[in-house]
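This is what each chain is made of:
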Amino acid sequence: QQPVQSPQAVILREGEDAVINCSSSKALYSVHWYRQKHGEAPVFLMILLKGGEQKGHEKISASFNEKKQQSSLYLTASQLSYSGTYFCGTKGYGGATNKLIFGTGTLLAVQP
Amino acid sequence: NAGVTQTPKFQVLKTGQSMTLQCAQDMNHEYMSWYRQDPGMGLRLIHYSVGAGITDQGEVPNGYNVSRSTTEDFPLRLLSAAPSQTSVYFCASSPTGAGGLDTQYFGPGTRLTVL
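Residues numbered from 1 in each chain as written. Chains lettered and ligands numbered in written order. Predicted model: local features only at pLDDT ≥ 70, side-chain atom pairs only at ≥ 80, totals over all residues. Heavy atoms only, no water.

**Student:** Describe the interface of chain A and chain B, naming the residues involved and giving the relevant values.
**Tutor:** Each partner contributes residues to the interface: chain A has 22 residues there, and chain B has 26 residues. Remark: the boundary between chain A and chain B carries 0 salt bridges. Along the contact surface separating chain A from chain B lie 4 residue pairs in polar contact (both at pLDDT 80 or more). Elements represented by at least two residues in the side of chain A that touches chain B include exactly β4 (28–36), β5 (43–49) and β10 (101–102) of chain A. Broken down by element, the side of chain A that touches chain B gets its largest block of residues, 5 residues, from β4 of chain A. A breakdown of the residues in the side of chain A that touches chain B according to their chemical character gives 12 nonpolar, 8 polar and 2 charged. (Contact = heavy atoms within 4.5 Å. Salt bridge = Lys/Arg side-chain N within 4 Å of Asp/Glu carboxyl O. Polar contact = N/O pair within 3.5 Å; in protein donor to acceptor, adjacent residues only side chain to side chain. Helix = DSSP H or I, 4+ residues; strand = E, 2+ residues; numbered from the N terminus. Nonpolar A, V, L, I, M, F, W, Y, C, P; charged D, E, K, R; others polar.)

Have a look at this one:
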């Protein structure tokens, strides 16, 4: 089942912070985050493992709460280049090793 | 390396026509997959393959067929196109062997319109 992301869309001014949430109804082994610029292919940002590990990418970090089957992506001091659609991809237990189910996406627009 | 390539970039079909979307990768990745992207629906998994000769269904497989005769190629076939298949299609590949922690590399996409 497809994970649900919130919010669906967010508009920021440069320098502001944002949080994107990803929630699954299934037990998760890992969560992957991708960003897609308009008209382009999704690009990998980071992977989070069970255990609540936090990963970082530039000023973007994320957390993973295995018990709640949730992950959050934190964008601090946003830049114009952060604009795009963010997807979480979830990996459950069992099944094909690399099989990812992606969420519904969150559109982020950063304005000057 | 060219990475993941997809052809064509754009395609317009009439209802009932068939066609094949091509996907190839030159990274020797075992895992390949097809997604469709529709507004508000995110990326939905159509079919995937864990290696040559092995394929399986994803979340939305109806109306699509796949085969994997080589490691490099993973074509997606639309048997009888319907307007509901209008979408952007992405092919992705990833290496295996790291317990599911490997990055997926996406192709540039094929924008398909069915009239």
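**Student:** Any chance you could break down the state of the cysteines for me, citing the residues and the numbers?
**Tutor:** Within this structure, the stated rule accounts for 2 disulfides over all chains. Residue C22 of chain A pairs covalently with C88 of chain A via a disulfide, S to S 2.0 Å. Its S-S torsion of approximately 70° makes the covalent link between C22 of chain A and C88 of chain A right-handed. Taken together, the residues span a long stretch of sequence, with C22 of chain A in strand β3 (residues 18–23) and C88 of chain A in strand β9 (residues 84–92) at a distance of 66 residues. In terms of burial, C22 of chain A and C88 of chain A fall into one category: buried. A sulfur-sulfur distance of 1.8 Å marks the disulfide that ties C23 of chain B to C91 of chain B. Between C23 of chain B and C91 of chain B the sulfur-sulfur dihedral comes to about -70°; the bridge is accordingly left-handed. With a gap of 68 residues between them, C23 of chain B in strand β3 (residues 19–25) and C91 of chain B in strand β9 (residues 87–94) connect regions that are remote in the sequence. In terms of burial, C23 of chain B and C91 of chain B fall into one category: buried. (Disulfide = S-S within 2.5 Å. Buried < 20%, exposed > 50% of the residue type's maximum accessible area, 1.4 Å probe, protein only.)

**Student:** Go over the side chain of D38 of chain B, please, and point to the residues and values.
**Tutor:** All names here are of chain B. Here D38 lies in strand β4 (residues 31–38). Within the local environment of D38, its side chain forms a polar contact with the side chain of R36, the two groups lying 2.8 Å apart. Not counting the four nearest positions on each side in its chain, D38 is found in contact with R44, T86 and S87.

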